[in-house]
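# Architecture at a glance
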Number of protein chains: 2
Amino acid sequence: MSDRLLETTVGQFLDRLASSAPTPGGGSVAALTGAMAAGLITMVCDLTIGKKQYAEFEAEAKAIRERAEAYRAELQQLAQADIDVFNQLSAVYKLPRTTEADAASRRAAIQTVMRQATEIPLRTARAAAALLPLCAPLARYGNRTAVTDVAAAALLIRAAVPAALINVESNLAVIEDQIFAREARAQAEDLLMGLDGEVEGVLTLTRTRLKG
Amino acid sequence: MSDRLLETTVGQFLDRLASSAPTPGGGSVAALTGAMAAGLITMVCDLTIGKKQYAEFEAEAKAIRERAEAYRAELQQLAQADIDVFNQLSAVYKLPRTTEADAASRRAAIQTVMRQATEIPLRTARAAAALLPLCAPLARYGNRTAVTDVAAAALLIRAAVPAALINVESNLAVIEDQIFAREARAQAEDLLMGLDGEVEGVLTLTRTRLKG
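Thresholds applied
Residues numbered from 1 in each chain as written. Chains lettered and ligands numbered in written order. Predicted model: local features only at pLDDT ≥ 70, side-chain atom pairs only at ≥ 80, totals over all residues. Heavy atoms only, no water. Helix = DSSP H or I, 4+ residues; strand = E, 2+ residues; numbered from the N terminus. Phe/Tyr/Trp six-rings, centres within 6.5 Å; stacked < 30°, edge-to-face > 60°. Buried < 20%, exposed > 50% of the residue type's maximum accessible area, 1.4 Å probe, protein only. Least-squares fit on C-alpha atoms with pLDDT ≥ 70 in both. Contact = heavy atoms within 4.5 Å. Expected span 1.5 Å × (residues − 1). Bend = angle between axes of the 7 residues up to and from the residue. UniProt positions renumbered as here; feature names shortened; annotations may be inferred. Buried area = accessible area lost by both parts, 1.4 Å probe. Salt bridge = Lys/Arg side-chain N within 4 Å of Asp/Glu carboxyl O. Axes fitted to C-alpha atoms, helices over the stretch in contact; angles between N-to-C directions. Parallel < 35°, antiparallel > 145°, perpendicular 65-115°, else oblique. Left-handed = near helix turned anticlockwise from the far one by under 90°. Nonpolar A, V, L, I, M, F, W, Y, C, P; charged D, E, K, R; others polar.

### Re unusual backbone geometry
At the junction of threonine 23 of chain A and proline 24 of chain A, the peptide bond is cis and its omega measures out at -5° in the coordinates. Tracing the chain through its elements places proline 24 of chain A in the loop between α1 (10-18) and α2 (26-46).

### Here we look at the packing of aromatic side chains
Residue and element names in this part refer to chain A. Counted according to the given criterion, the structure contains two aromatic pairs over all chains. Here the aromatic rings of phenylalanine 57 and tyrosine 141 are separated by 5.7 Å at their centres, their planes lie at 45°, and the arrangement is tilted. Note that phenylalanine 57 is positioned in the loop between α2 and α3 (58-93) and tyrosine 141 in helix α4 (residues 100-141), a separation of 84 residues in sequence. You can call phenylalanine 57 buried: its relative accessible area is 6%.

### Brief notes about the relation of the copies chain B and chain A
Placing chain B over chain A gives an RMSD of 0.0 Å and needs a rotation angle of 180°, together with 0.0 Å of translation along the axis. Overall, the copies show the geometry of a two-fold rotation axis. Residue threonine 9 of chain B, judged by its C-alpha, is the member of chain B lying nearest the rotation axis, at 1.9 Å. Interface residue correspondence from chain B to chain A reaches 100%, placing this contact among same-surface, isologous pairings.

### Describing helix α4 (residues 100-141) of chain B
The end-to-end C-alpha separation of α4 of chain B is 64 Å, in line with the 62 Å expected for 42 residues at 1.5 Å each. Within α4 of chain B, the axis deviates most sharply at leucine 134 of chain B, by approximately 30°, and proline proline 137 of chain B lies no more than four positions further along.

### A short note on the UniProt feature "domain: Cyclodeaminase/cyclohydrolase" (unreviewed entry) in chain A
UniProt tags residues 9-189 of chain A as "domain: Cyclodeaminase/cyclohydrolase" (unreviewed entry). Between the first and last C-alpha atoms of residues 9-189 of chain A the distance is 35 Å; the span itself is 81% helix and 0% strand.

### Side note on the interface of chain B and chain A
Each partner contributes residues to the interface: chain B has 49 residues there, and chain A has 49 residues. Between chain B and chain A, a total of about 3900 Å² is buried, with carbon and sulfur atoms accounting for 70% of that surface. Three residues, Val10, Met36 and Ile166 of chain B, lead the burial of chain B against chain A; their summed loss comes to 16% of the area buried on that side. For the interface between chain B and chain A, the tally reads four salt bridges.

### A short note on the pattern of salt bridges
The full count for this structure, using the stated rule, is 14 salt bridges over all chains. Here arginine 207 of chain B and glutamate 169 of chain A are joined by a salt bridge, their closest N and O atoms 3.2 Å apart. Taken together, the positions of arginine 207 of chain B in helix α7 (residues 195-211) and glutamate 169 of chain A in helix α5 (residues 147-172) put the pair across two chains. Accessibility expressed as a relative area gives 32% for glutamate 169 of chain A, which makes it partly exposed. For arginine 65 of chain B, the salt bridge goes to aspartate 46 of chain B, with nearest N and O atoms at 2.5 Å. You can see arginine 65 of chain B sitting in helix α3 (residues 58-93) and its partner aspartate 46 of chain B sitting in helix α2 (residues 26-46), a full 19 residues away along the chain. One network of salt bridges, in which partners are shared, links Asp15 of chain A together with Glu69 and Arg72 of chain B.

### Comments concerning the side chain of threonine 148 of chain B
Structurally, threonine 148 of chain B is set in helix α5 (residues 147-172). Those residues in contact with threonine 148 of chain B, other than ones at most four positions away along the chain, are Ile166, Asn167 and Ser170 of chain A together with Thr206 and Leu210 of chain B.

### As for the packing of α4 of chain A against helix α7 (residues 195-211) of chain A
Residues and elements named next belong to chain A. Contact geometry of α4 with α7 gives a least axis separation of 9 Å together with a crossing angle of 15°. Here α7 runs roughly parallel to α4, going by the angle between their axes. Like other packed secondary-structure pairs, α4 and α7 cross with a definite hand, here left-handed. Residues Leu132, Pro133, Cys135, Ala136, Leu138, Ala139, Arg140 and Tyr141 of α4 form the contact with α7, whose own contacting residues are Leu195, Glu198, Val199, Val202, Leu205, Thr206 and Arg209. Tallied by class, residues from the contact of α4 with α7 come to 11 nonpolar, one polar and three charged.

### Considerations on the environment of alanine 79 of chain A
Residues and elements named next belong to chain A. Turning to its location among the elements, alanine 79 is positioned in helix α3. Its relative accessible area of 0% is what places alanine 79 among the buried residues. Placed 52 residues apart in sequence, alanine 79 and glycine 27 show a C-alpha to C-alpha distance of 7.1 Å. The residues contacting alanine 79, other than those within four sequence positions of it, are Leu5, Ser28, Ala31 and Leu32.

### As for the packing of α2 of chain B against α5 of chain B
All names here are of chain B. Between α2 and α5, the shortest axis-to-axis distance is 8 Å and the interhelical angle comes to 160°. As summarised for this structure, α2 and α5 are arranged roughly antiparallel, according to the angle between their axes. The two elements α2 and α5 meet at a crossing, and its hand is left-handed. Packed against α2, whose contacting residues are Gly26, Gly27, Ala30, Thr33, Gly34, Met36, Ala37, Leu40, Ile41, Met43 and Val44, the element α5 presents Asp149, Val150, Ala152, Ala153, Leu156, Ile157, Ala160, Ala163, Ala164 and Asn167 at the interface. For the contact of α2 with α5, a count of residues per class yields 15 nonpolar, five polar and one charged.

And the structure:
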């Protein structure tokens, strides 16, 4: 596999994921899951924009599309960033700790990289969660023939957010900076709050559109 | 994008998904999501097998790995099959319906392909759901440092199953064969039953392992 995730083929990516190679792992998968959700949202916007019967929704569809594409770009970057920071983390864990000074600087380096490694899945969760408010209007007013793709996007978001956050939680166990940890935990809680209910709302809207 | 999904790069796949091109859509994404879950399960098995401290679980880890890889292969095929059948469906919708005979044979062709197009996401949901029972033992007894990846797999499964089934539901609205439709609906209900509870169980196990 190329070191650049986006330049790897889907088949190679899945093979590499399934291997015992340290990357990619759950953090990149969460980001890619969010990116797929963003891609589905953009697709439904594209199937809505320019269609006479959805003309009243066109301006909003364009605005939704723009935001979805911005989050997709961010999530694609985060999928790569998660791999990069994990490799950095492996490197600092290998630093020498023979002298006391070495051990202290290794420990400090681990803490620094671990905070970065925690911020990445936190940003992933934030970007994925930010996609969810785009789904309800699109499920309600977007192209009816593509409404199941909006539902799929909402379901992917419901996976991507907690999948990213479980990596945050796991890293926090190692982080000594308690202010950072408390702040991260508060953000994680905020991101999970109401997530299930909002996804259920999109699914209900989808079923209503499918019937009518 | 190459017509072969697995040979496409991840970046091209996401760009193509985001485009208004008819494929890939939510069905392939559901299958790929399931394949990523399978890949994560295999990875955790690989990080468990051959490690002294997990020796008692080794035989089971090997058995789990074998099943996860079989389902991954199936889900990867289904991701492609969903694209192929969707293209077939577009083709039969374009068949002529100028004479009454033409219209009748077009309608029959649509029904045939639509049943195939329904079986694919149903098989996707089945394969993704079959991965879930592999997660709990792996979260409990597998390599502790990779337990968050088991949790991520469970979350992906909870997205893949209903994302596939919403495509089943949407296709059934067009299918005239009521026996087929009833059977498919019953299977879909079975697959969803207990899914959330089982995923929550894996997440609880994960949190317990993270603490201890």
